Amino acid sequence: CSHSVGGEAVRAYPFCTMRCTVRRLIVYTVLITLISYTGFRLTQPVSIPNSNPAANVGIVISAGVQAGGETREPRMGASEPKVDVASITPIVPTETRVDDLEEQPTSSPPPPQPAQPRAPPPPPTPLLGADDQVVVKAEGNATVETEVNATRIHVGKPGEYVAPKSKLAEDNQLTAELVGRYAEDNIVMVTWANHHYHDFVRNWVRNVRKCGMRHYMVGAMDNELLEKLIDDEVPTFAMQSGLTTKDFGWGTANFHKMGRKKIELIHLFTEMGFDILVSDVDTVWLRNPLPYMAKYPHADVLTSSDHLANTAEGEGLEDPRKAHSAANIGIMLLRHTAKELAKEWVDVLERDDKVWDQNVFNDLYRRGGGPSVKDDKNVVTGYDGKLKVGILPVSMFASGHTYFVQRMHEKVGLEPYVVHATFQYSGTEGKRHRMREALLWEDSPEYYDPPGGLLVFTPDVPKELLDNSQSVEGHFDLVNHQILQVKSALQIAQKLGRVLVMPELYCGFDRWWAPHKGTIPGSDTTLPYLCPMDHVFEVETWTREQPVEEFGPHIDFREYSFFRNPLVPTNVRDSTVTVSLVDECGREECTQAVGKAAPAGQNTIVAARNFTDVQFQTLLTEYKDVKVLNFTSMVGAFSRFEDLEDAKKFSNRIKKYAAIWCCKHRNPGHIWYDMEFDIVPHVDRHNRKWDGGKNKWKLVTGP
């Protein structure tokens, strides 16, 4: 760098050096910018895969971006293994029946196949700026479009609820940005429901929050539920399923369509790069499962099981060589590395609208693997050697049988993480009542202080009947003795307009969907056992309103554990009068003369057994405002209705209250309980007449 003075080049060191340096910096900066921009453009995807389930469930996927900004390359013509639908092995649903759990001979397993190396999890999702939102419109084979600054949003701390722009479905679509807002360590817990199950959603969310978890979302399958969830400040997204807003009904077309929406969700979350913890809405979470699942980082899938015996050591996973029952997809963790399985799962379901989603999963994950291909943590290789799968311990990730019937967690001394209301009867009402019995359900305050008051009694369960209950006949002797007491309590409660608190019920034989000899084959049930109400009674029928002119006044009821619930108000507990029934009133033994009202202000009322409905009403005239009437016994308590029309209506009501026991090794093998078996003559719910003598009531199977 120089300048001329008098025709001679003269260097100007300070000035020229500075100008040269500036020019070099400008050139370097331009070059670096061009190189960076070219590299950025070369790494951007320009289209999305042709198969897009989001178009079927009303969900928006962030295009070309996984959680944390990881790019998702289009899979151009990639071949994928297919499932022969016709060859899928049927696996019987746990709410209709389950697999035969006895050990079956198996062929030699295929040689171990090395699992493909797992991709590292995507980095944490970067938070967008206050004026930025990326929304990708993906419909069918449409190319990706990116819209920036489309909507102004507020992003808070991870897991912190952020209200949507509106309650409209279009403002509550599923995006990677939305999921990333609530994911924790790349995991998000997801359930879904329609408006009919709003109370189940509230119970699910309440218990999840009690566990300190904030990494959850609820898919709203209709706009009615979407609006309620937003009002409740529950992280949600619109699914716009187009299905019924009422009960799905197990096994119906709506039920199977709902199941397909679930699998589409699993595919979407894994495709976006997230690990999804699937949880059916009829579950109750008692502990945060993430620390437990973090102990198995190499497992692509952790699934619950319908197995009914403990094969785990301590708090470890179940032993796949012994826990051979079907995996239950109501509770499962699928890491994003299982997205290929999720995609094929969706494809199989789309090809056959009759195949069951749970059957498909079991066939896919078991394909090309087996229990012998496991590591020292009981994680097996499956899905053609591509994935690692573990079976969650059935004592801590409990089914409706291991928790409510076996009480396995108490036997092994472990605290459950979650309870799933499977292996139960009486539909949705049966699930709700099971949770109430186990104090896993929270109702509104009115439930715990009903108008008209409560009626409770101490049940009589003789040891002799318990000891001799290890046969079908012995089981019915035990249960029928308790049914008579419940019937008397229902008669008195109806006349007094009170809510009956059910007693504990004990059964000698388990109830199942197939023949057995007292316990479900392969289960660890100890007999006799404290049985759920739905093992003996049809809970749905009890809750259903019936015409008063045909069935008499409705009789409401509560679970046997009602007074163990801390939500029962003190003023209800303290307002209690005991009614003690004796065989006959001796001199000055009863608090009043026969047929007279008990004097007011008594803490205990003593009266004779075998009263009519009118006599009980007269006896307790002064105690209408008492919250709780506590009867010391119901054995022989009630004699009859004085009005024959009232008796007929009550008979109509209870004919359909009792359920079935199943099953003997016959066809049909089930036997109906009969709440009027002691009445001669009577006609049962199937119009069979029992008039004594040769036609005395007895155990008969069917219809």
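Preceding block: the structure.
Here's what I pulled together on the structure shown here. (Residues numbered from 1 in each chain as written. Predicted model: local features only at pLDDT ≥ 70, side-chain atom pairs only at ≥ 80, totals over all residues. Heavy atoms only, no water.)

## Here's the deal with the sheet that holds strand E20 (residues 557–558)
Alright, step 1. Read from one edge to the other, the open sheet built from six strands follows the order E20-E17-E16-E23-E21-E22, with strand pairing classed as parallel. If you trace the sheet from one side to the other, it starts and ends with E20 and strand E22 (604–608), each paired once.
Alright, step 2. Inspection of the sheet shows strand E16 (residues 454–457) paired to strand E23 (residues 628–631) by four bridges, in the parallel sense. Counterpart to Leu455 in the pairing with E23 is Leu629. (Pairing = 2+ DSSP bridges. Helix = DSSP H or I, 4+ residues; strand = E, 2+ residues; numbered from the N terminus.)

## What to know about the sheet that holds strand E14 (residues 397–398)
Alright, step 1. Within the open sheet, the three strands sit side by side as E9-E15-E14. Their pairing is mixed. Every other strand in the sheet has two partners, leaving strand E9 (283–285) and E14 as the edge strands with one partner each.
Alright, step 2. As paired elements, E14 and strand E15 (residues 418–420) share two bridges and run parallel to each other. Paired with Ala398 across the two strands is Val419, which belongs to E15.

## Things to note about the nonpolar core
Alright, step 1. Leu490, Met502, Val536, Phe537, Trp542 and Phe631 are the most contacted members of the largest nonpolar core, which totals 53 residues.
Alright, step 2. Ranked by residues supplied to this core, first place goes to helix H14 (residues 472–496) with nine residues.
Alright, step 3. Those residues within four positions of Phe537 in sequence are excluded, and the remaining contacts are Ser426, Ile483, Val486, Met502, Leu505, Trp542, Tyr657, Ala658, Ala659 and Met675.
Alright, step 4. Grouped together as the second largest cluster of nonpolar side chains are 49 residues, Tyr197, Leu277, Val284 and Leu414 included. (Core = buried A, V, L, I, M, F, W, Y, C linked by side-chain atoms within 4.5 Å. Buried < 20%, exposed > 50% of the residue type's maximum accessible area, 1.4 Å probe, protein only. Contact = heavy atoms within 4.5 Å.)

## Side note on the state of the cysteines
Alright, step 1. Applying the stated criterion to the full structure yields three disulfides.
Alright, step 2. Each disulfide pairs two cysteine sulfurs, and for Cys507 the partner residue is Cys531, the sulfurs being separated by 2.2 Å. Across the S-S bond of Cys507 and Cys531 the torsion is about 70°, and the bridge reads as right-handed. Note that Cys507 is positioned in strand E18 (residues 505–507) and Cys531 in strand E19 (residues 529–531), a separation of 24 residues in sequence.
Alright, step 3. Of the residues examined, Cys507 reaches a relative accessible area of 1% and is grouped as buried.
Alright, step 4. Each disulfide pairs two cysteine sulfurs, and for Cys662 the partner residue is Cys663, the sulfurs being separated by 1.3 Å. Every disulfide takes its handedness from the sign of the S-S torsion; for Cys662 and Cys663 that torsion is -60°, giving left-handed. A single burial state applies to Cys662 and to Cys663, both of which are buried. (Disulfide = S-S within 2.5 Å.)

## A word on the packing of aromatic side chains
Alright, step 1. In the structure shown here, the tally under the stated rule is 28 aromatic pairs.
Alright, step 2. With a centroid separation of 5.1 Å and 90° between ring planes, the pair formed by Phe562 and Phe563 is classed as edge-to-face.
Alright, step 3. The class of Phe562 is buried, set by a relative accessible area of 0%.
Alright, step 4. Since its relative accessible area comes to 25%, Phe563 is described here as partly exposed.
Alright, step 5. One aromatic cluster is present, built from ring pairs that chain together Tyr292, Tyr296, Phe397 and Tyr417.
Alright, step 6. The residue whose ring lies beneath Arg287 is Tyr417, and the NZ or CZ to ring-centre distance is 3.9 Å.
Alright, step 7. Just above the ring of Tyr425 sits the side chain of Arg511; from NZ or CZ to the centre is 3.8 Å. (Phe/Tyr/Trp six-rings, centres within 6.5 Å; stacked < 30°, edge-to-face > 60°. Lys NZ or Arg CZ within 6 Å of the ring centre and 35° of its normal.)

## Considering unusual backbone geometry
Alright, step 1. Cis geometry marks the peptide bond from Leu527 to Pro528; its omega dihedral reads -15°.
Alright, step 2. As for its position among the elements, Pro528 is in the loop between E18 and E19.
Alright, step 3. Looking along the chain, the bond that leaves Val680 and enters Pro681 is cis, with omega of -5°.
Alright, step 4. Relative to the assigned elements, Pro681 resides in the loop between strand E25 (671–672) and strand E26 (682–683).
Alright, step 5. Residue Asp185 is not a glycine yet carries a positive backbone phi of 50°.
Alright, step 6. The topology assignment puts Asp185 in the loop between helix H3 (176–182) and strand E5 (187–193).
Alright, step 7. At Asn610, a residue that is not glycine, the phi angle is positive and equals roughly 65°.
Alright, step 8. Its place among the elements puts Asn610 in the loop between E22 and helix H18 (613–619).
Alright, step 9. When its relative accessible area of 48% is taken as the criterion, Asn610 is described as partly exposed.

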